[in-house]
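For reference, the chains in residue letters:
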Amino acid sequence: MAKVLISYWKRHDPPVMPVRTFSMNPSDNIQVAMNLVMPLADASPVGRALMIQTLAGAVEEVIAGLNNTGIVHFARFTIIDGNLCMLSMYDGDFSNYIRDFIYNIGAAFDALLVYIKDHPRLPVEDHPDEFIDWVNAHDALQLPERITDLSDDPLKLPRRLTLILDDCPNVQLFTYRAYPGFSVAQTRLALNIGW
Amino acid sequence: MSVVTGERIDLKDIQGNILRGYHAEVVRHIVVRVNDKGAAKQILADSVCGDTMNSPQITTGEQWDVDAKPTTFLNVGITAHGLRALGLSDSSVQSFPEEFLAGPAARATKLGDVDESAPVNWQDGFDRPDDVHLMWSIHAATIELLEATCRRLEAIWARSDAFVVTSRRDGAALAGDRVHFGYRDSISQPRFEYESNSQPAVVGRRDQQPVAPLGAVLLGYETTFPDVLWQMPRPRELGINGCFNAFRILEQDVDAFEAFLELVVSEHGGPNRPFLTEEYVAAKLMGRWRNGVPLALWPDSSDASAPTRPTFLRSNLEDDLNAFDYPDIDPEWDDYEGLHCPLGAHIRRANPRGAQIVQRSANYTRRIVRRGIPYGPPYDQKNKHDNHPRGLLGNFLCASLIAQFESIMYDWVNLGLQDPRITGTNDPILGANKLSASRFEIPLKGEDPIVLSGFPRFIRTVGSAYLFMPSITALRLLANV
């Protein structure tokens, strides 16, 4: 029943996906969430073990590379339901983050992406824009922090949201920040641990 | 002569004013909408046919002899809408980078074009991006030559109804390469070394920055990120030797700027701070004295003949103006704290050179070429508030708008992400400042910094377009699609 209703809505009112937004308020552009969900080509225990061993061999490189981007608060690598997830908080522009990431640890990522279903063209250094688009598509969709931003019309809001969720199973809701508005470097400078 | 990097290029295939500036006295930018596709393509074909009797020709990057410098120069840039209007296939148009296809109006918040600078307030038809197809830029040595070339061009266009002219915007150089705020401009540009027709060439002042790869401004070469290649438009010949141009009409509020300098001196100056003059404040905001002398080398005086760093290798004054960096092995001259050039000063924000920055791999990856000419009458200190619009017609040239131009504007100019000590503030001169949130610090040796706040936005965007400057080969290709 729900499926019939959704396809009916879709025909009459196709979903409008929220795009990455920028703000002139600096603190809105600091501590931004990225939830990269990458489906494993082989999610069996053997397939996961192979991927984990490859990643284990590149841990130092990944950490050094993320450190060099200078804008990543943390990045957690986690397997959830057959997906390799890279969950991170970063400062500034998404495309700059991914471009610096490619530059710093593109080679390590090339080795990892082999284990991912429908991965982008490799090496990523040769196709940075394509990789950035791919990451964007595999990043859990960032819903507006105020969900009412999806529609001015309160009657249409539930339908809009339902249609978006029908297209995007993975979405990022709101974020709690214990120290909002502070960049990685500001935090490190304040703690006197170098930036 | 320095060692040439070995990058080879056919200068006859790239448009002029990219690697090497024209230093022309006057310019007219004519924005047109394609009216008749076939006629428009014929105009493009004629502009690269090699026959000046037929039509004025696109000026290439070919080097001219010192005594044979052309007196007029013609160039053309095309927007994404323009490529479509010329009949380029959808698949080819879609192969251009996303930010170019979207155009600056769609990227306004990212670029800081908000409030008064919002695209809805843009002039010259830039508020209707769908109608901005091509921009013809005519530079000339005199206004008479400019008028004559423009008359001839527009007469040619009129014969075939190829275009509808949507706007004409004139600019004229101010004496001494100054901009309306009084600063000498265009001192710092990337230095390129290349080989063309087996002739080595070097452009740009000797400085302490690495030589920029040709791929900083042209498609098809090693980019500013070693080993990373940008998306190439298809077919490949359409992209190679092309360049992206973020064209911006930047209106400058000189009254507000001068009033702010006066206010700072009256609020923070006094007998204990005899050094704090309007010129000092202007220098600290920019990172250079208004005559172009860099604070990094002459922190106390705009007189370039005054002594500076003892081991500094003097060559000639013109080169010295750009031969500096912020870090230095001599602790006396190392400027980590911004005691010479403030951390938030315009030239340090827009190009941190070798300074420690947050994005450790980004120091030299965002370098762009700036070509600009002021518009509007010179500002007259004796006749303030004359209500004449004045500003800069700026061309910000690069190979990747998103990785270079937009990154500078967003991360560095309007967020200050590069240094935790300025994060959350905007560029004092170019930034999207608000009275309630603006902040700028002038660090002082041995005492608390002078903190400036409550200043407005001094530069307002009144028009912008993302243009692709195709190679000569690509223009021929476009004329035949």
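Cut-offs applied
- Residues numbered from 1 in each chain as written.
- Chains lettered and ligands numbered in written order.
- Predicted model: local features only at pLDDT ≥ 70, side-chain atom pairs only at ≥ 80, totals over all residues.
- Heavy atoms only, no water.
- Salt bridge = Lys/Arg side-chain N within 4 Å of Asp/Glu carboxyl O.
- Helix = DSSP H or I, 4+ residues; strand = E, 2+ residues; numbered from the N terminus.
- Buried < 20%, exposed > 50% of the residue type's maximum accessible area, 1.4 Å probe, protein only.
- Axes fitted to C-alpha atoms, helices over the stretch in contact; angles between N-to-C directions.
- Parallel < 35°, antiparallel > 145°, perpendicular 65-115°, else oblique.
- Left-handed = near helix turned anticlockwise from the far one by under 90°.
- Contact = heavy atoms within 4.5 Å.
- Pairing = 2+ DSSP bridges.
- Nonpolar A, V, L, I, M, F, W, Y, C, P; charged D, E, K, R; others polar.
- 1 Å grid on protein atoms, 1.4 Å probe; cavity = no way out; pocket = protein on both sides within 12 Å on 5 of 7 lines; lining within 4 Å.
- Points joined across faces, edges and corners; volume = space filled by probe spheres on them.
- Core = buried A, V, L, I, M, F, W, Y, C linked by side-chain atoms within 4.5 Å.
- Polar contact = N/O pair within 3.5 Å; in protein donor to acceptor, adjacent residues only side chain to side chain.

(A) Spatial organisation of the pattern of salt bridges. Overall, the coordinates contain 32 salt bridges over all chains when judged by the stated rule. Arg20 of chain A is the partner of Asp139 of chain A in a salt bridge, and the nearest nitrogen-oxygen pair spans 2.6 Å. Of the two residues, Asp139 of chain A is situated in the loop between α5 (128–138) and β4 (141–142) and Arg20 of chain A in the loop between α1 (2–12) and β1 (32–39); the sequence distance between them amounts to 119 residues. Residue class for Arg20 of chain A comes out partly exposed when judged on its relative accessible area of 29%. Arg370 of chain B is paired through a salt bridge with Asp185 of chain B; the nearest N and O atoms lie 3.2 Å apart. Of the two residues, Arg370 of chain B is situated in strand β8 (residues 369–375) and Asp185 of chain B in the loop between β4 (163–172) and β5 (192–196); the sequence distance between them amounts to 185 residues. A single network of salt bridges, built from pairs that share partners, joins Asp93 of chain A together with Glu98, Arg107, Lys110 and Glu406 of chain B.

(B) Region of the structure containing the packing of helix α8 (residues 254–268) of chain B against helix α9 (residues 278–286) of chain B. Residue and element names in this part refer to chain B. The N-to-C vectors of α8 and α9 enclose an angle of 115°; their axes lie 9 Å apart at closest approach. The angle between α8 and α9 places the two elements in the roughly perpendicular class. Classified by chirality, the crossing of α9 by α8 is right-handed. Contacts between α8 and α9 pair Phe257, Glu258, Phe260, Leu261, Glu262, Val264 and Val265 from the former with Glu278, Val281, Ala282 and Leu285 from the latter.

(C) Molecular detail of the sheet that holds strand β2 (residues 72–80) of chain A. Residue and element names in this part refer to chain A. In space, the three strands of this open sheet follow the order β1-β3-β2, with antiparallel pairing throughout. Pairing within the sheet leaves two strands with one partner each, and these edge strands are β1 and β2. The sheet shows a mean angle of 15° between the axes of neighbouring strands, taken without regard to direction. Looking at chain direction, β1 and strand β3 (residues 83–90) are connected through eight bridges and run antiparallel. Within β3, the position partnered with Val37 by the bridge is Cys85. Contacts from helix α4 (residues 94–113) reach β1, β2 and β3 within the one sheet, and its direction differs from that of β3 by about 150°.

(D) Structural context of the packing of α4 of chain A against helix α12 (residues 401–413) of chain B. Two elements in contact, α4 of chain A and α12 of chain B, have axes separated by 10 Å at closest approach and are oriented at 125°. One way to sum up the angle between α4 of chain A and α12 of chain B is to call them oblique. Judged by the sense of rotation from one axis to the other, the crossing of α4 of chain A with α12 of chain B is left-handed. Seen from α4 of chain A, the contacting residues are Ser95, Asn96 and Arg99 of chain A; seen from α12 of chain B, they are Ile402, Ala403, Ser407 and Asp411 of chain B. By residue class, the composition of the contact of α4 of chain A with α12 of chain B is two nonpolar, three polar and two charged.

(E) Just the layout of surface pockets, in detail. The space that makes up the largest pocket amounts to roughly 960 Å³. Those elements that place two or more of their residues in the lining of the largest pocket are α4, α5 and β4 of chain A together with α4 (98–102) and α5 (108–111) of chain B. Ranked by residues supplied to the lining of the largest pocket, first place goes to α5 of chain A with six residues. Of the residues that constitute the lining of the largest pocket, the class distribution is 18 nonpolar, nine polar and 11 charged. Put simply, the second largest pocket is a space of about 760 Å³. Along its surface, the second largest pocket is lined by 38 residues, and Gly21, Tyr22, His23, Ser186 and Arg371 of chain B are the ones closest to its centre. Secondary structure elements with two or more residues in the lining of the second largest pocket: β1 (26–34), β6 (199–203), β8 and β9 (391–398) of chain B. It is β8 of chain B that provides the largest number of residues to the lining of the second largest pocket, a total of six residues. Partitioned by chemical class, the residues of the lining of the second largest pocket number 18 nonpolar, 10 polar and 10 charged.

(F) A look at the nonpolar core. Counting residues in each nonpolar core, the largest one holds 107 residues, and the members touching the most others are Phe100, Trp136, Phe163, Leu285, Phe405 and Leu452 of chain B. Per element, the largest residue contribution to this core is seven residues, and it comes from α12 of chain B. Setting aside its immediate chain neighbours within four residues, Phe163 of chain B contacts Val32, Arg33, Val34, Asn35, Ala40, Ile43, Leu134, Trp136 and Trp157 of chain B. In this structure, Tyr97, Phe109, Leu113 and Val135 of chain A belong to the second largest nonpolar core, which totals 37 residues.

(G) Structural view of the environment of Gln359 of chain B. Mapping Gln359 of chain B onto the fold places it in the loop between α11 (346–350) and β8. Considered as a pair, Gln359 of chain B and Asp170 of chain B are 189 residues apart in the sequence and their alpha carbons are 39 Å apart. The contact partners of Gln359 of chain B, leaving out residues within four places of it in the chain, are Asn68, Thr69, Ile71 and Asp100 of chain A together with Arg366, Asp411, Trp412, Leu417 and Gln418 of chain B. Side chain to side chain, Gln359 of chain B and Trp412 of chain B meet in a polar contact 3.4 Å long.

By themselves these figures say nothing about function.
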